[in-house]
Amino acid sequence: MSPFVISKGQSVLLGLEKDQFILEAFREAQKVTTIGRSMRLGCVIYKGKTILAKGHNCANANIKIPMKYLRWKGSLHAEVAAIMNAMKKGKNLSGATLLVIRINKDNQFRIAKPCQYCELAIKELTPIRKVQYSINEFPYIKKERINHVICK
């Protein structure tokens, strides 16, 4: 069973702590309209109780970012979108956590582990060390630490 029930445009958390960050990432994922509805991802970057930036995946994005952070030209992943939004706002991401979720057409969580391109962007563009992502089964959110390795 999904932790969300959608009723008349409202999102209600069930079986999970009422987490504002999960809810905001869920709302970001619902904004996706340009990609197949099985690939709706939303991301929030937060520190403490404050959301620093949000983003969702989109196709045909008109962005200026090195291709090494993109899987396809014009395709922007939710994690990179949130990172770019944080950078645009001049946010300090030290000590922040990145949370990304993926929902299917029935608004159920699916695995959203950051891909190699997003992981590279997290490592090279931010000091973020804590990453959380949705998974298919309870507890629905998995936590991992990112090791920042300096490549020569």
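Residues numbered from 1 in each chain as written. Predicted model: local features only at pLDDT ≥ 70, side-chain atom pairs only at ≥ 80, totals over all residues. Heavy atoms only, no water.

Asks: Whenever I open this one, helix α2 (residues 78-88) confuses me. Can you help?
Replies: Note on helix geometry: an α-helix contains 3.6 residues per turn, so any two residues three or four positions apart are oriented the same way. Residues Ala78, Glu79, Val80, Ala81, Ala82, Ile83 and Ala86 constitute the buried set of α2. For α2, the elements touching its buried residues are β3 (40-47), β4 (50-56), β5 (97-103) and α3 (116-125). Gly90, located one to two residues past α2, shows a positive phi value of around 70°. (Buried < 20%, exposed > 50% of the residue type's maximum accessible area, 1.4 Å probe, protein only. Helix = DSSP H or I, 4+ residues; strand = E, 2+ residues; numbered from the N terminus. Contact = heavy atoms within 4.5 Å.)

Asks: Could you clarify how one ought to interpret the packing of α2 against α3 in this entry?
Replies: The relative placement of two packed helices is expressed as an angle between their axes plus a distance between the axes. With their axes 9 Å apart at the nearest point, α2 and α3 run at an angle of 25° to one another. Taken together, the axes of α2 and α3 are roughly parallel relative to one another. Residue-level contacts link Glu79, Val80, Ile83 and Met87 of α2 to Cys118, Ala121, Ile122 and Leu125 of α3. A breakdown of the residues in the contact of α2 with α3 according to their chemical character gives seven nonpolar, no polar and one charged. (Axes fitted to C-alpha atoms, helices over the stretch in contact; angles between N-to-C directions. Parallel < 35°, antiparallel > 145°, perpendicular 65-115°, else oblique. Nonpolar A, V, L, I, M, F, W, Y, C, P; charged D, E, K, R; others polar.)

Asks: Looking at this structure, I do not really get the pattern of salt bridges. What am I missing?
Replies: Tallying each qualifying case throughout the model produces seven salt bridges. Asp106 is the partner of Lys105 in a salt bridge, and the nearest nitrogen-oxygen pair spans 3.8 Å. A single salt-bridge network, built from bridges that share partners, covers Glu24, Arg27 and Lys54. (Salt bridge = Lys/Arg side-chain N within 4 Å of Asp/Glu carboxyl O.)

Asks: How do you make sense of the packing of aromatic side chains when you look at a structure like this?
Replies: Each aromatic ring pair is summarised here by two numbers: the centre-to-centre distance and the angle between the ring planes. Inspection of the entire model under this criterion finds three aromatic pairs. Consider the rings of Phe21 and Tyr46, whose centres lie 3.8 Å apart with planes at 10°: the pair is stacked. Of this pair, Phe21 sits in helix α1 (residues 20-30) while Tyr46 sits in strand β3, and the two are 25 residues apart along the sequence. With centroids separated by 5.9 Å and ring planes inclined at 90°, the aromatic side chains of Phe138 and Tyr140 adopt a geometry described as edge-to-face. (Phe/Tyr/Trp six-rings, centres within 6.5 Å; stacked < 30°, edge-to-face > 60°.)

It is worth stressing that arrangement in space is one thing and function is another; only the former is reported here.
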